[in-house]
Protein chains: 2
Amino acid sequence: MAQKEGKQNQQRGSADYVKNPHLEGMKEDFLYHINLGTKTNNLPEMFGDVKFVCLGGSSNRMKAFIELIAGELGMEDPKSEYPNICEGTDRYVMYKVGPVLSVSHGMGIPSMAIVFHEIIKLLHHARCKDVTVIRIGTSGGIGVEPGTVVVSKEAVDPITFKPTFEQVILGKMVVRNTKLDSGLAEELLECSKEFSQFKTVIGNTVCTLDFYEGQARLDGAFCYYTEKDKMDYLKKVKEAGVCNMEMESTVFASMCELSGLRGAVVCVALLNRLNGDQIDSPHEVLEDYQHRPQLLVASYIKKQLQTKAKHN
Amino acid sequence: MAQKEGKQNQQRGSADYVKNPHLEGMKEDFLYHINLGTKTNNLPEMFGDVKFVCLGGSSNRMKAFIELIAGELGMEDPKSEYPNICEGTDRYVMYKVGPVLSVSHGMGIPSMAIVFHEIIKLLHHARCKDVTVIRIGTSGGIGVEPGTVVVSKEAVDPITFKPTFEQVILGKMVVRNTKLDSGLAEELLECSKEFSQFKTVIGNTVCTLDFYEGQARLDGAFCYYTEKDKMDYLKKVKEAGVCNMEMESTVFASMCELSGLRGAVVCVALLNRLNGDQIDSPHEVLEDYQHRPQLLVASYIKKQLQTKAKHN
C-alpha cells in the first residue's frame, strides 16, 4: 500500500485533489457531514472560484473569520449577513466570501479528517484549482509566551517527534508523511512582520489524540504520573524543536500531502505548558489571542489576491 | 503504569470517579471546554442530584433528548425553555432536567475524551453518586438492517477486534480495557422489548479513528484499495461478532472502566455497510432512526427512577 500511495503522491500539483478511482463510477456523491451533494447542489457554480480554504475548530471563530475576510477584501455584506452554507446539519459550519471558504472542523484528528475528506471532494466536484488550505487554531505553547503565533514547520507525532501519521486502514497500520509546505510557512512568517502587537515563530507542532493525559496534563480526570514525569516529557518535546501541541495538525498535513493541496498550520499558544496546564486567562485576553492567527492569515490572503490581480 | 492503573480500577463502584491525586492540591479547577469552574460555579448545587449522563455527538440531538426526557419524567417547562448550561462556549452543549444531564460530545475519540474528562471532574466536584452514563449515537451497521438499535456488548479496536483502547501517555503507548457493563446492556435490551416499531440487538462495536478509509469506505477523498479488499475486511469484522462501527465507544468504555462509572453505548445503524457506504436515506427516515436510541434510553431512565422511588 505504501508504494501505491507513493506513486499517487507524484501527482502533487495537479488540479485533481481526489485520489480515488471509485468516485468516478458513483451516480451521486452526497457529502453527508456538510450536507451538500452532487445531485442536490450545483457545486461548480457554488464553489468553482474557491482559492483559499481556512479551517478552525470553533464554529463561532470561523464565522468571525469570514467577517474579517469580508472586511479585508472590501466585500462586506451591508447587512453583515453571512449564511452558513451547511445550515442543514449541526456537525460543521461553512461560510464563503469571494474566493475564501471558512469551515469549522471540531476537535481532534477524526473530526478534522471527516470534514477534510468532504472538502477535498467538494473541491474536486467544483473543479477548483490552485487552492491553499490553512488551519487556524489554538494550541498549548511549549516554551513560548502565551499569545505567540506558531506557524508549523512540521506536524509531528508525540512518540518519535517525526513528521508521520499512523492510520488504521482495513485493519492494518499505515504510516503517512506529514510534511507541510515550507514555502508557504515562510511566506506566512514574512507576512507576520507587519504585526508588531504579537510575536510569530516557526516551529514543530506535536499532534496528540488526547488533551489531558495525551498532552501530559496533571489536571485531567485521570493522572497516573508525577509532576516530574510530566516535566521530563515536556522537556523532551521542547528539545525536539517543538513550539506547540494541538490535536489536528498531523492528519491535516497528511491529507494535504496526499491530495497535493498547499497547506499550513497557524496556531496561537493560549498558555505556556512549561508553566502550567489550565487555560485560565481572562476571557478578553483569550479572545485577543484567538484573533491573532486570523489577522495574520487574512492579511496573507489579501496580499496573495492583490499580487495575483496585478499579474492578470 | 499498567499495574498502577489496575490497582486503581479496584475502586470501581466507589463514589469518587476521579483518579488523580493532583486535583486535590488545585485552588481552582476550570473545566475549560464546558465553561464551568469550581470558583465560578456552585457545582454541588447545580449538579449534585445527577444520576444519568447521556452523551451524543450532535448538539441538536442532545437538545431534542432533554425535551423527550422532560416529557417522560413529567418535568416539562411550560415555555419549553431548556437553557444550554455551556452557553459561554461553542465546543459542547449541556442540558439538565431533574437527575438527567444531556451533553454533546462532537465526533471522534479525542472530542469524546475531552468532554468526558471534564464531565467526570464535574461529577467529582458536585459529589455525585451512583451515576450511569450512556452514549446515544449513530453508527454504520454490519449485517443489520438500517434502523436497528445496537446495544454494545464490547467496544473493540479495528485491528484485533479485542476490547482494548491504545493511548499515548508521556510518549508511550498504554493499552486500556474497554469492557462495558454487561448487566446494564441486558437491562437496556430487556427495556427495548416494549418498542415493537424497531429491532434492538446486542453485539460488538468497532471503534475507528476515521470515517472513510478507517471504516473501509470506497467514497472518501482517498481510496487505495479495491471493493474486494473492502468486503474481505467487513466480513472479518462481522465474523468477530460486530454489529456496528462508530467513532467514540472505545475511549468512552475505557474511561467508564477507569472511573468506575456504569456505562453503555446505544447506537442506531443508519445503513448496512455490507450494502453500501453512502448515508443517503431521506431526511425524515434518518430523523426517525436517530430518535430510536433516545426513546429506548428515555424509557430505561424513567423505569429506573420509578423503581428507585418505590424503594424509598
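Residues numbered from 1 in each chain as written. Chains lettered and ligands numbered in written order. Predicted model: local features only at pLDDT ≥ 70, side-chain atom pairs only at ≥ 80, totals over all residues. Heavy atoms only, no water.

In the nomenclature of an unreviewed UniProt entry, chain A is known as Uridine phosphorylase 1 of Fundulus heteroclitus. Heading Sequence similarities (unreviewed entry) of the UniProt record for chain A holds this comment: "Belongs to the PNP/UDP phosphorylase family." (UniProt positions renumbered as here; feature names shortened; annotations may be inferred.)

Caption draft 1: Quick peek at the confidence of the model for chain A. All names here are of chain A. Taken residue by residue, chain A gives an average pLDDT of 94. The fraction at 70 or more is 95%. Of the regions scoring below 50 in pLDDT, residues 6-14 engages in 12 contacts with residues more than four places distant in sequence or in other chains. If you check the scores for this complex, the pTM reads 0.95 and the ipTM reads 0.94. (pLDDT = per-residue confidence, 0-100. Contact = heavy atoms within 4.5 Å.)

Caption draft 2: Region of interest: the UniProt feature "binding site: substrate" (unreviewed entry) in chain A. Residues and elements named next belong to chain A. Feature annotation in UniProt assigns "binding site: substrate" (unreviewed entry) to the following positions: Gln215 and Arg217. Tracing the chain through its elements places glutamine 215 in the loop between strand S10 (200-207) and helix H6 (227-239). Apart from residues lying up to four places away in sequence, glutamine 215 is in contact with Thr208, Asp210, Leu234, Met245, Glu246, Met247 and Arg273. A relative accessible area of 1% places arginine 217 in the buried class. At a separation of 3.0 Å, a polar atom in the side chain of arginine 217 contacts the main-chain carbonyl oxygen of phenylalanine 211. (Helix = DSSP H or I, 4+ residues; strand = E, 2+ residues; numbered from the N terminus. Buried < 20%, exposed > 50% of the residue type's maximum accessible area, 1.4 Å probe, protein only. Polar contact = N/O pair within 3.5 Å; in protein donor to acceptor, adjacent residues only side chain to side chain.)

Caption draft 3: The packing of helix H4 (residues 109-125) of chain A against helix H7 (residues 249-259) of chain A, seen in detail. Residues and elements named next belong to chain A. Packing of H4 against H7 brings their axes to within 9 Å, and their N-to-C directions diverge by 25 degrees. By the angle between their axes, H4 is roughly parallel relative to H7. Seen from above, H4 lies across H7 with right-handed handedness. Contact residues: Ile109, Met112, Ala113, Phe116, His117 and Ile120 in H4; Thr250, Val251, Phe252, Met255, Cys256 and Ser259 in H7. Partitioned by chemical class, the residues of the contact of H4 with H7 number 9 nonpolar, 3 polar and no charged. (Axes fitted to C-alpha atoms, helices over the stretch in contact; angles between N-to-C directions. Parallel < 35°, antiparallel > 145°, perpendicular 65-115°, else oblique. Left-handed = near helix turned anticlockwise from the far one by under 90°. Nonpolar A, V, L, I, M, F, W, Y, C, P; charged D, E, K, R; others polar.)

Caption draft 4: Fine view of the nonpolar core. Residues Phe65 of chain A together with Val53, Met94 and Phe116 of chain B are the most contacted members of the largest nonpolar core, which totals 89 residues. At 10 residues, helix H4 (residues 109-125) of chain B tops the list of elements feeding residues into this core. Once residues within four sequence positions are removed from consideration, valine 53 of chain B is found in contact with Leu101, Val103, Ile119, Leu123, Val131, Thr132, Val133 and Ile134 of chain B. With 88 residues, the next largest nonpolar core counts Leu36 of chain A together with Ile69, Met247 and Val297 of chain B among its residues. (Core = buried A, V, L, I, M, F, W, Y, C linked by side-chain atoms within 4.5 Å.)

Caption draft 5: Structural context of the pattern of salt bridges. Under the definition given, this model contains 28 salt bridges over all chains. Here aspartate 29 of chain A ties to lysine 121 of chain A by a salt bridge, and the two come within 3.1 Å at their closest N and O atoms. With a gap of 92 residues between them, aspartate 29 of chain A in the loop between helix H1 (2-9) and strand S1 (30-31) and lysine 121 of chain A in helix H4 connect regions that are remote in the sequence. Taking the relative accessible area as the measure of exposure, lysine 121 of chain A reaches 0% and is therefore buried. Close ionic contact of arginine 135 of chain B with glutamate 248 of chain B constitutes a salt bridge, the shortest N to O distance being 3.0 Å. On the criterion of sequence distance, the pair formed by arginine 135 of chain B in strand S6 (residues 132-141) and glutamate 248 of chain B in the loop between strand S11 (242-246) and helix H7 (249-259) is long-range, its members being 113 residues apart. By the burial criterion, arginine 135 of chain B is buried, and glutamate 248 of chain B matches it. What you see here is one network of salt bridges that share partners, running through Arg135, Glu246 and Glu248 of chain A. (Salt bridge = Lys/Arg side-chain N within 4 Å of Asp/Glu carboxyl O.)

Caption draft 6: Broad picture of the relation of the copies chain A and chain B. Mapping chain A onto chain B calls for a screw motion: a turn of 180 degrees about the axis and a shift of 0.0 Å along it, with 0.0 Å RMSD after fitting. What the superposition gives is, in effect, a two-fold axis relating one chain to the other. Looking at chain A, 100% of its interface residues are interface residues in chain B too, so the copies touch through the same face. (Least-squares fit on C-alpha atoms with pLDDT ≥ 70 in both.)

Caption draft 7: Just the UniProt feature "binding site: phosphate" (unreviewed entry) in chain A, in detail. Residue and element names in this part refer to chain A. The UniProt record annotates "binding site: phosphate" (unreviewed entry) at Arg91, Arg135, Ile136, Gly137 and Thr138. Tracing the backbone through its elements, the reader meets isoleucine 136 in strand S6 (residues 132-141). Taking relative accessible area as the criterion, isoleucine 136 reaches 2% and is therefore assigned buried. In contact with isoleucine 136, not counting residues within four places along its chain, are Cys54, Leu55, Gly56, Gly57, Arg61, Met62, Phe65, Val266, Pro293, Gln294 and Val297. Mapped onto the elements, glycine 137 comes out in strand S6. Owing to a relative accessible area of 3%, glycine 137 belongs among the buried residues under this scheme. Excluding anything up to four places from it in sequence, glycine 137 contacts Arg61, Val266, Cys267, Val268 and Pro293.

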